[in-house]
Amino acid sequence: NKVVMSGIQPTGVPHLGNYFGFVENWLRLQKTEPADTQLFLCVVDWHAITTGPLPAVELRDNVRKMVAGLVAAGVDCKRTVLFRQSAVPEHAELTWLLGCLETTARLQRMPQYKDKSLQYKKGDVPVGLLTYPILQAADVLIYRGTHVPVGDDQTQHMHIVTDLADHFNKQYKCEFFPKPLKMASALARVKSLRDPTKKMSKSDPDARSRIELSDTVQTVREKCKKALTDTESVVTFEMDRRPAVGNLVLLYAAVAGLSPDQVVKEMSSVTTGEFKLRLAECISQRFEPIRQRYEELLASPDTINAILEDGAAKARPIAKSNMDEIKRIAGFS
Ligand code: AQP
C-alpha cells in the first residue's frame, strides 16, 4: 500500500513558498489518491527547536498557527492524518536507532546544515541541527512511508531517508522499510521577495521577504510593492539575468495558474511597478478566503486541539506497532 508522509515545521505562519512548494501538492494528492493510500501530515515540533529552544508559549502558538494555516488552505482532516510530531513518541525513539546507522561526516555535508550552522561559533552548533535529517528519516520510516512530497530544497535530506531505509534493511537482513520516493511539486522553489538568491523562508528575519497566508490585502500590497526588482522597467522572464523579476513572474504564474510566458505576454504593456500591484491583487484574490478561514480557526483553540488529538489517536497505534516490530528485528525486545 502507498503511504504518503511529510512534515512541516511550526516555525511561523505558512507562506507562499510552503504553499506552492508543498501544500498545493498535498491538496492534489487528497483529491487524486485512491482511498487506500494513507496520508500522514505531521507538524514537526521537535524539528522546530533544532536551532535552539523557543519559549514554550511561542512554540505552542506556532503549532496552532501552522495547523490553522494548513486546514484553512484545504488540508482535510478526514482524509489526512494531521498531527503533532511530539504526540507520537516513536518518532524520537526511531531517531536514536537510525542515528546509530549514520555518520557525522555525511550529516555535516548537508547544505541546510552548512548554511544554518554558520550562525554559530565552531563547537557551539546544537547537536539537533546536525541530526535534523535523522529525525526527518524517522518521521517517514516510522509509518513505513513510500512517498514523500517535499520541496526541492529537501532533495539531499531525502537521500538520507532512502539510504537509512536501505542501511537498516541490509544491517538486519530484512525488507522492513520500503524505499521512499520523493514527490516533487510543480513549483520547485519560491524565492525571497527581498533576495532572489535565497528561498522564501519562515525564519527570515525580514518579514517583507515572504507573503504569509495570514497577510491581509493591505500587507500583501505593501510587501509586493517593496519586492526587489531591478533597474529595467519592462517585465521579462530571464532567470539568469533578472532573477528578482523572474521570481515575481514565477510567483504570478503559480498564483494565476499560467505559464511564465503567458504572464510576460499579459504584462507586456505594464511597468514592473504596475506588475507588482497586479501581483498583489492576484495573490489577494486567491488567498483572502484562506486568510479569513485561518483567522476563524485561530480564534477557536478547541477546534485545533480536537484536530490534533484526533490525528495523534490515528497515527500513534500505527507508529507503535511498527516500532515494536523494528525493536524485535533489531534485538531490543
Ligand atoms: N521557498 C520555498 N519554496 C518551495 N518550497 C518550500 N518549502 C519551504 N520553503 C519553500 C517546502 O515547504 C515544506 C515545509 O517546509 P518546512 O517548514 O518544514 O521547512 P523549511 O523548508 O525549512 O521551510 P522554511 O519556511 O524555510 O522554514 P524555516 O525558516 O523554519 O527553516 C517542505 O517540503 C519544503 O520543501
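Here the structure is a predicted model, which means the values were calculated and not measured.

### Observations regarding the environment of V67
Examined against the element boundaries, V67 turns out to sit in helix α2 (residues 56–73). Separated by 35 residues in sequence, V67 and T32 have C-alpha atoms that sit 22 Å apart. In contact with V67, other than residues within four places in its own chain, are V43, L82, I304, I307 and L308.

### So, the packing of helix α6 (residues 127–141) against helix α7 (residues 155–171)
To describe two helices that pack against each other, one gives the angle between their axes and the distance between the axes. Between α6 and α7, the shortest axis-to-axis distance is 9 Å and the interhelical angle comes to 60°. Between α6 and α7, the crossing angle belongs to the class labelled oblique. The two elements α6 and α7 cross, and the hand of that crossing is right-handed. Between α6 and α7, the contacting residues are P133, Q136, A137, V140 and L141 on the first element and H157, I160, V161, L164 and A165 on the second. The residue makeup of the contact of α6 with α7, split by class, is eight nonpolar, two polar and no charged.

### A look at the site of the ligand
Within the structure, the ligand sits among 19 residues, and T11, G17, G21, G151 and S203 are positioned closest to it. When contributions to the shell around the ligand are tallied by element, the ones reaching two or more residues are β1 (3–8) and α1 (16–32). In terms of residue count, the dominant contributor to the shell around the ligand is α1 (four residues). Residue composition of the shell around the ligand, by class: five nonpolar, ten polar and four charged.

### Description of the nonpolar core
If you look at the biggest cluster of nonpolar residues, it comprises 82 residues, and the most contacted ones within it are F40, V67, A137, V249 and L251. The element that contributes the greatest number of residues to this core is helix α9 (residues 243–256), accounting for nine residues. Of the residues that make up this core, three or more belong to each of domain 1 (3–189 + 301–330) and domain 2 (215–296).

### Focus on the domain arrangement of the protein
Examined at the domain level, the protein breaks down into domain 1 (3–189 + 301–330) and domain 2 (215–296). Each of domain 1 and domain 2 has a C-alpha centre, and the two are 31 Å apart. Tallying the contact residues gives seven residues for domain 1 and six residues for domain 2. Among the secondary structure elements, those contributing two or more residues to the side of domain 1 that touches domain 2 are α1 and α2. Broken down by element, the residue count for the side of domain 1 that touches domain 2 peaks at four residues, all from α2. Looking at side-chain class alone, the side of domain 1 that touches domain 2 contains six nonpolar, one polar and no charged residues.

### Some points on the pairing of strand β2 (residues 38–43)
Counting buried positions along β2 yields six of six residues, so the element is predominantly enclosed. On β2, burial covers both faces: Q38, F40 and C42 on one face and L39, L41 and V43 on the other are all buried. Pairing of β1 with β2, which is carried by six bridges, proceeds in the parallel orientation. Bridging across to β2, G7 finds its partner in C42. Handedness of the β1-α1-β2 crossover: right-handed.

Cut-offs used in this document
Residues numbered from 1 in each chain as written. Predicted model: local features only at pLDDT ≥ 70, side-chain atom pairs only at ≥ 80, totals over all residues. Helix = DSSP H or I, 4+ residues; strand = E, 2+ residues; numbered from the N terminus. Contact = placed C-beta atoms within 7 Å. Axes fitted to C-alpha atoms, helices over the stretch in contact; angles between N-to-C directions. Parallel < 35°, antiparallel > 145°, perpendicular 65-115°, else oblique. Left-handed = near helix turned anticlockwise from the far one by under 90°. Nonpolar A, V, L, I, M, F, W, Y, C, P; charged D, E, K, R; others polar. Near = placed C-beta within 6 Å. Core = buried A, V, L, I, M, F, W, Y, C linked by C-beta atoms within 7 Å. Buried ≥ 20, exposed ≤ 12 C-beta atoms within 10 Å, placed from the backbone. Domains from an automatic or database assignment. Pairing = 2+ DSSP bridges. Right-handed = clockwise from strand over helix to strand, strands pointing away.

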